[in-house]
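# Topology and contacts: notes
In case you want the letters, here they are:
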Amino acid sequence: MTTTADFWFDPACPFAWITSRWILEVEKVRDVSVTWHIMSLAYLNQDKDVSEDYRKFLSTAWRPVRVCQAVEEQYGQEKLAEVYTALGTRRHLEKKEFTREVIEDALASVGLPAALADAMDDSSYDEAIKKSHHLGMDQVGNEVGTPTIAMNGSAFFGPVISKAPKGEEAGRLWDGFQLVTAYPYVYELKRARTHELDFS
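For the structure given in this document, a descriptive report is provided here. By convention here, each chain's residues receive numbers from 1 onward along its written sequence. Only residues with pLDDT of 70 or above have their local features reported here, since the model is predicted, and side-chain atom pairs are shown and tallied only from 80 upward, although totals for entire chains, interfaces and linings are computed over all residues. Calculated side-chain values reflect all of the structure's heavy atoms, with hydrogen atoms and water omitted.

Our next topic: the overall build of the chain. What counts as a helix is a DSSP run of H or I of at least four residues, what counts as a strand is a run of E of at least two, and both are numbered from the N terminus. Within the chain, the regular secondary structure consists of eight helices and four strands. In sequence order, the secondary structure elements of the chain are arranged as β-α-β-α-α-α-α-α-α-β-β-α. For 200 residues, the compact-globule estimate of 2.2 N^0.38 gives 16 Å, and the chain sits close to it at 16 Å. Burial classes: relative accessible area under 20% of the type maximum marks a residue as buried, over 50% as exposed, and values in between as partly exposed (1.4 Å probe, protein chains only). For the chain, with 200 residues in total, the buried portion stands at 46%. Partitioning the contacts of the chain with sequence separation of at least 6, the portion at a separation of at least 24 is 71%. Here, Shrake-Rupley sampling with a 1.4 Å probe gives the accessible areas, and only protein chains in the shown set may cover a residue. When the accessible surface of the chain is summed, it comes to about 10600 Å², and 50% of that surface belongs to carbon and sulfur atoms. Radius of gyration means the value over C-alpha atoms here, while the globule rule gives 2.2 Å times the residue count to the 0.38 power. Any pair of residues with heavy atoms lying within 4.5 Å of one another is described as a contacting pair.

Now the structure itself:
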């Protein structure tokens, strides 16, 4: 029986990116199908007391999310997944900022029209983004973000991992994640991060 995993991401989040690469590996070795959803770090943190550096980051964070929303509305789930990979590759592996040029390049690489980049500055997408955001975040409560995964009636922020396992190792991590999150009285697992993020 196929497990449907709902995954919420903001393309700017490095933690969501690594976890998303893991769950793509999981799809190869377990009977799991991922449905992708958009959330917004800019929306999540708009009223929070954050550092000036993070506030600067948030000032442009709506742009790639709006483009993802436009892609989903016009081209559906498959292209949303593809453009997330294209955007994430440029941001997290190639260390590029989400300029219009970079976003247009990402769109072109998955066969989508460059005109979709117009969504970057189109706030008419924001209500749909907020709806998608709340669909995920309201399941897990306060002080969370992305990655958020929901499956089998449970939703959790995480897992936050610094390196995505491959192959059967990815599958075993998924098995354990399912087991832990199925228990209704588990709320939090956490420890200090001692490894740098590894995007390989």
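With respect to the helices and strands, the residue Thr85 is situated in helix H5 (residues 77-93). Taking C-alpha positions, Thr85 is 8.7 Å from Ala106, a pair spaced 21 residues apart along the chain. The residues touching Thr85, leaving out its near neighbours within four places in the chain, are Trp17, Arg21 and Leu24. N or O atoms within 3.5 Å of each other form a polar contact, as long as, within protein, one can give a hydrogen and the other can take it, and as long as residues adjacent in sequence are counted only when both atoms are side-chain atoms. Within the structure, Thr85 has its side chain in polar contact with the side chain of Arg21 (distance 2.8 Å).

For the peptide bond that leads from Thr146 to Pro147, omega is 10°, which places it in the cis range. Within the fold, Pro147 resides in the loop between helix H7 (126-140) and strand S3 (148-151). That bond from Gly158 to Pro159 is cis: its omega, 5°, falls within 30 degrees of zero. With respect to the helices and strands, the residue Pro159 is situated in the loop between strand S4 (154-157) and helix H8 (167-182). Unlike most non-glycine residues, Lys95 shows phi in positive territory, near 60°. For Lys95, the location among the structural elements is in the loop between H5 and helix H6 (100-109). Positive phi, close to 55°, is recorded for Asn152, a residue that is not glycine. Along the chain, the position of Asn152 falls in the loop between S3 and S4.

Here we come to H7. Given 3.6 residues to a turn, an α-helix orients residues that are three or four positions apart in the same direction. To estimate the expected span of a helix, count its residues, drop one, and scale the result by 1.5 Å. Taking 1.5 Å of rise per residue, the 15 residues of H7 would be expected to cover 21 Å, and the 21 Å separating its terminal C-alpha atoms lies within 8% of that figure. Across the chain, bend at a residue is computed as the angle between axes fitted to the seven residues ending at that point and the seven starting from it. Where H7 bends most, at His134, the angle is about 30°. Of all the residues in H7, the buried ones are Asp126, Ile129, Ser132, His133, Gly136 and Met137. Tucked into the core, H7 has its buried residues touching strand S1 (3-9), strand S2 (32-38), helix H2 (41-44), helix H4 (62-75) and S3. Gly141 sits one or two positions beyond H7 and adopts a positive phi of about 90°.

For the rest of this paragraph, the subject is the sheet that holds S3. Here we have four strands laid out as an open sheet, ordered S2-S1-S3-S4, and mixed in their pairing. Sheet topology places S2 and S4 at the edges, where each strand pairs with a single neighbour. Within the sheet, the average angular offset between the axes of one strand and its neighbour, ignoring direction, is 20°. Here a strand pair is declared whenever DSSP counts at least two bridges between the two strands. Bridge analysis of S1 against S3 gives three bridges, and the strand direction is antiparallel. Its bridge partner being in S3, Phe7 is matched across the sheet by Ile149. Each axis is a line fitted through C-alpha atoms, taken for helices only over the stretch in contact, and angles between the N-to-C directions span 0 to 180 degrees. The sheet contacts of H5 involve S1 and S2, and relative to S2 the element is tilted by about 75°.

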